[in-house]
Amino acid sequence: MNTLTNQIFTDHIVWHTYARQTGLFYVPKPLISRTANELTEEQLSSIAMEAVKDKLKDLALLIRDEFTATSFLDMTEDWARISDFSYKREITDEGRINRFIIQHDLGKNYGFLLKEMYRFALENLLQRKTEFEMTDNTLVVTVEIDT
């Protein structure tokens, strides 16, 4: 009981308090998947760039007090857990390499949208070398982080 209560309080303090302030809200997964499937990769890439630039950076600053590769990946872990996605984060090479696996089960286009968000945040804004692997329902992000 204490563990569940602690998790509820932590989720609220770490995520829900700030998510609303940056314009995030809950949408049914089938709606997101179907909408993403109606868009081209060019449209998805444009949406990803705007979302990261206009919202996710603000959210990272509110939640983590900084916008670094590590804080962005920590925030991603919070988001995946709260969204009830299956995920795994592996940290190797003395903390220098982070590998994040997200099983979203929302289709190829949603995976592309996520990839573009990570690419824009990590490569363009944070200047980190990244690699991506995708299936229709899983995204793997590997990023080098200075230690």
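Residues numbered from 1 in each chain as written. Predicted model: local features only at pLDDT ≥ 70, side-chain atom pairs only at ≥ 80, totals over all residues. Heavy atoms only, no water.

## Observations concerning helix H3 (residues 41-64)
Let me state the cut-off plainly: At any given residue, the bend is defined as the angle formed between two axes, one fitted to the seven residues that end at that position and one fitted to the seven that begin there. Comment: elements are numbered from the N terminus, with helices defined as DSSP H or I runs of at least four residues and strands as E runs of at least two.
A maximum bend of about 45° is found in H3 at Val52. At the exit of H3 stands Asp65, carrying a positive phi of roughly 65°.

## Describing the packing of aromatic side chains
Stated formally: Put simply, two rings from Phe, Tyr or Trp (the six-membered ring, in Trp's case) pair if the centres are within 6.5 Å, and we call them stacked under 30 degrees between planes, edge-to-face over 60, tilted for the rest. Relative accessibility under 20% of the residue-type maximum defines a buried residue, over 50% an exposed one, and the middle range a partly exposed one, all with a 1.4 Å probe and only protein chains included. By definition here, charges over rings are those cases where NZ of Lys or CZ of Arg is within 6 Å of the ring centre and within 35 degrees of the ring normal.
Under the criterion given, the structure shown has 4 aromatic pairs. Residues Phe72 and Tyr118 carry aromatic rings whose centres are separated by 5.6 Å and whose planes lie at 75° to one another, so their mutual orientation is edge-to-face. Taken as a pair, Phe72 in helix H4 (residues 69-82) and Tyr118 in helix H5 (residues 108-125) lie far apart in primary sequence, 46 residues in all. For Phe72, a relative accessible area of 2% translates into the label buried. Tyr118 gets classed as buried once you look at its relative accessible area, which sits at 5%. Aromatic pair Tyr87 and Phe100: ring centres 5.8 Å apart, planes at 5°, arrangement stacked. Within this pair, whereas Tyr87 is found in strand S1 (residues 86-92), its partner Phe100 is found in strand S2 (residues 97-103), the two being separated by 13 residues in sequence. Through successive ring pairs, a cluster of aromatic residues spans Phe67, Phe72 and Tyr118. The lysine or arginine in question, Lys115, covers the ring of Phe132, its NZ or CZ lying 5.6 Å from the ring centre.

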